[in-house]
Amino acid sequence: MEDCIFCKIINKQIPSKIVFEDDEMLAFEDINPQAPVHILIIPKEHYASLNEIPEEKKAILGNIVMRARKIAAEKGLKENGYRIVLNTLRDAGQDVFHIHFHLLGGRKMMWPPG
Ligand code: 5GP
Ligand code: ZN
């Protein structure tokens, strides 16, 4: 996707602080962190939101969540916990239309979310 900032991050046209990369996903630090740890994890294939992920591609969702768990452990969050967020479209406050999971931790989170 030509105009997608996250596709540009995947293609290294825009720099980012990469935490993990393999053939199917990229994890990188959020540019505007909302917690001491704030990492975005995205599939390399462009899908605008969860709504666009086809049934046959559902494995990527589990792979990303399990990778988030691993990164959380590496960042020292295993004991105290962490939050994984998947904002989908307007009411959830999705701003970038390339599906992305947020991994947040290192402070006490509020509930309900704003
Ligand atoms: P959303 O609101 O769509 O769920 O989250 C988008 C996230 O992407 C925000 O937390 C925002 O800070 C982050 N973000 C937007 N542009 C960039 C960028 O160019 N680089 C990085 N690393 N993060 C970005
Ligand atoms: Zn994209």
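Above this note sits the structure.
Everything numeric here is computed off the predicted structure, so don't read it as measured data.

Visitor: It is not clear to me how the nonpolar core should be interpreted in this structure. Could you clarify?
Guide: Here is a general trend for soluble globular proteins: nonpolar side chains tend to be buried in one another's company. Counting 14 residues, the largest nonpolar core has Ala27, Ile39, Ile41, Ile64 and Ile71 as its most contacted members. Where this core is concerned, the elements lending two or more residues are strand E2 (25–29), strand E3 (37–43), helix H2 (59–74) and strand E5 (101–105). The element contributing the most residues to this core is H2, with 5 residues. When neighbours within four sequence positions are excluded, Ala27 is seen to be in contact with Lys17, Ile18, Val19, Phe20, Ile39, Leu40, Ile41 and Ile71. Counting residues in each nonpolar core, the second largest holds 10 residues, with Phe6, Ile10, Leu40 and Ile42 among its members.

Visitor: Before we go on, may I ask you to explain unusual backbone geometry in this structure?
Guide: As a rule of thumb, non-glycine residues mostly have phi less than zero, and peptide bonds are mostly trans rather than cis. Residue Pro112 is reached from Trp111 by a cis peptide bond, and omega for that bond is 5°. For Pro112, the position within the fold is in the segment after E5. A positive phi angle is found at Lys12, which is not glycine, with a value near 65°. Inspection of the secondary structure assignment puts Lys12 in the loop between helix H1 (5–10) and strand E1 (18–21). Positive phi, normally seen in glycine, also occurs at Leu89, with a value near 65°. Along the chain, Leu89 falls in helix H3 (residues 89–92). Classification of Leu89 as partly exposed rests on a relative accessible area of 35%.

So, how was this worked out
Sequence order as written defines residue numbering, which begins from 1 separately in each chain. Lettering of chains starts at A and numbering of ligands starts at 1, both following the order in which they are written. For a predicted model such as this one, the threshold for reporting local features is a pLDDT of at least 70, and the threshold for listing and counting side-chain atom pairs is 80 or more; totals across whole chains, interfaces and linings nevertheless cover every residue. Excluded from the side-chain calculation are hydrogens and water; included are all heavy atoms of the structure. To define a nonpolar core, start from buried Ala, Val, Leu, Ile, Met, Phe, Trp, Tyr and Cys residues and group those joined through side-chain atoms within 4.5 Å. Buried residues are those whose accessible area, probed at 1.4 Å on protein chains only, stays under 20% of the maximum for their type, while exposed residues exceed 50% and partly exposed ones sit between those limits. Comment: elements are numbered from the N terminus, with helices defined as DSSP H or I runs of at least four residues and strands as E runs of at least two. Should any heavy atoms of two residues lie within 4.5 Å, those residues are counted as being in contact.

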